[in-house]
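# An overview of the molecular structure
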Amino acid sequence: MNVFHKTSSGDTFLPRTQSFLNIGLDDTDTPGGGCTTHLGALLATYLMKNEKCRLLDYPNLVRLNPGIPWKTRGNASVVLRIDRSCNLSVEELVELISSFIDSYQGNCKHRNSSPGIVIYNGYPWINDLRGFYFRALNDVVLLDDARKIMDKHGIVYNNGRGVIGALAGIAGLAPGDPYTFELLAYRDPKYWGEKRYIDYQSVFKYDMLTGELTFSSIDPERRKQIITPHGPDPVYFGVRGIEPGKLLLALETIKGNEPIHGWCIYRTNQATSIHEKTTTTPRYHRTSKYKCTVSGNPQKIPGGHIILEAECHNTIVNLAFYRETYPLNKIATMLQPGDQITVTGPVKQRSTSVYPTITVEVLYVEELATKPVEVAPRCPKCGARMKSKGIDKGYACPKCGYYDRTATKIHVVIPRDIVPGRYTPTPMHIAHLVSPNWLHPLMLKKFPLFPVNGFCGHSINSPVNNPPVSNGSH
Ligand code: ATP
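Reading guide: rules and limits
Residues numbered from 1 in each chain as written. Predicted model: local features only at pLDDT ≥ 70, side-chain atom pairs only at ≥ 80, totals over all residues. Heavy atoms only, no water. Helix = DSSP H or I, 4+ residues; strand = E, 2+ residues; numbered from the N terminus. Buried < 20%, exposed > 50% of the residue type's maximum accessible area, 1.4 Å probe, protein only. Contact = heavy atoms within 4.5 Å. Axes fitted to C-alpha atoms, helices over the stretch in contact; angles between N-to-C directions. Parallel < 35°, antiparallel > 145°, perpendicular 65-115°, else oblique. Left-handed = near helix turned anticlockwise from the far one by under 90°. Near = heavy atom within 4 Å. Polar contact = N/O pair within 3.5 Å; in protein donor to acceptor, adjacent residues only side chain to side chain. Pairing = 2+ DSSP bridges. Salt bridge = Lys/Arg side-chain N within 4 Å of Asp/Glu carboxyl O.

As for its placement among the helices and strands, L183 is situated in strand β8 (residues 180-186). Taking the relative accessible area as the measure of exposure, L183 reaches 0% and is therefore buried. Separated by 81 residues in the primary sequence, L183 and C264 have C-alpha atoms spaced 5.6 Å apart. If we ignore the near neighbours within four places in the chain, the residues touching L183 are F237, G238, V239, L247, L248, L251, W263, C264 and I265.

Turning next to the packing of helix α1 (residues 36-50) against helix α2 (residues 90-105). Where α1 contacts α2, the two axes come as close as 11 Å, and the packing angle between them is 130°. The orientation of α1 relative to α2 falls into the category oblique. Crossing angle aside, the handedness with which α1 passes α2 is right-handed. Of α2, the residues touching α1 (which contributes H38, L39, L42, L43, Y46 and L47) are L93, L96, I97, F100, I101 and Y104.

Time to look at the site of the ligand. Of all residues adjacent to the ligand, which total 22 residues, the nearest are D27, D29, T72, R73 and N75. Here an oxygen atom of the ligand and a side-chain polar atom of D27 are 2.5 Å apart.

Spatial strand order, β22-β23-β24: three strands in an open sheet with antiparallel pairing. The open sheet has two edge strands, β22 (387-388) and β24 (403-404), and neither has a second partner. Here β22 pairs with strand β23 (residues 395-396) via two bridges, running antiparallel. Counterpart to K387 in the pairing with β23 is A396.

The amide bond that connects Y326 to the next residue, P327, takes the cis arrangement and shows omega of 10°. One can find P327 in the loop between β17 (315-321) and α8 (328-333). Located in the positive-phi region is A271, a residue other than glycine, with phi close to 60°. Looking at where A271 falls in the secondary structure, it is placed in the loop between β13 (262-268) and β14 (287-294).

All right, on to the pattern of salt bridges then. If you walk through the whole model with that rule in mind, you get 15 salt bridges. Linking R187 and E258 is a salt bridge whose minimum nitrogen-to-oxygen distance equals 2.8 Å. One end of the pair, R187, is in the loop between β8 and α6 (200-210); the other, E258, is in the loop between α7 (244-253) and β13, and 71 residues separate them in sequence. Owing to a relative accessible area of 8%, E258 belongs among the buried residues under this scheme. Between D339 and R416 there is a salt bridge, with its nearest N and O atoms 2.6 Å apart.

Shown next, in the form of structure tokens:
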């Protein structure tokens, strides 16, 4: 039975009348290991194999406000959308998933981890939930707010703080929202914590082979691959793109020194800039888009970072352009008081400043100040710059000797070295949610959602050294 329909944007998607379960998960990882995406992939595989559940969409990887101080890494939640053909009740599912998380965390349990499980039986893109999603993308939301909404809509949940991300995730990636895909390849637990090795040439080849359909695999300027994380988590590498088929190619093309233990393709709000929708007043931990007028001169601080004072909605703020966000830090040095800019990024507190600091992720140069400067006039005979003969004594030309007693200073507008436009950091340091300039917005919805085939490699459960399954079935 085809349960999908086409939306006005051309996406094929779940209709309002289709009854399905949305399982949201968050906060299952610890600084010592694990990752909610890894758990999500294992759980999806388990539910399909053992409980005969059918996934109606790729597993979703939903990024939320990057300004949340208690996040472990990239503030991501995971959502599985399954049909009702499995025989488990919602309560049984919560129990099953709780023990799944318990055994996943094993000895790695950490006091900072507070797993959240949220299960909603119904169409999730309703106003209350969408509103919650957008607040969680931009702002800090309270556990109590999440609980109120869940109680109102009969949503089943557990006790963890992770229910905030889990609930927001459920309402993410609605029909019509932009999306991209990420294939995550996982490591055998015996390699967790060890240095990752990936052959740059193979990633370069992959990037060439897939062209515009994948992005941010290499940093061409530094000639580095940028698909591997650095922490102790189970992710070996991640490739991002807009067409799942091209992501699968990574499993054959990219070479490393350890076997891929499993993989999963996530549909995600990464690289869509969906959090840039609103322009608001700066508030601590809020990540949004802010219109500012530059009010100070750029200050270089140790480490090569640039701090710039600006006025934003009648609030003085510091804009931090970190060295890693090149070329933003370079452009920041060319800004001057009066320039109109818009920035996106989380608002943080710095011990060295009384003002809130926005960590700039995206810079829009809107309008450059055209403050004229006074200079000596040019010689009307030979064009050289004239020299003053003293107060009220006019100007003389040092080249041809022409003298004009009545000449005075003139006003000129010095051309600026920057041009208005949107600027993002290099692929290596671009923030998860930010859409890179090299990814055309139209590309974000080009591929219809439909066949959820081959989204997950079953080698996740297979013995060590099993070759990756390049086209998982379920
Ligand atoms: P990983 O990327 O490995 O999944 P993470 O960076 O997502 O880790 P978590 O350990 O999941 O970090 O912690 C994030 C916590 O913040 C979760 O408990 C989540 O419910 C909560 N959270 C997410 N967004 C918000 C928000 N906007 N306001 C308040 N809490 C939030």
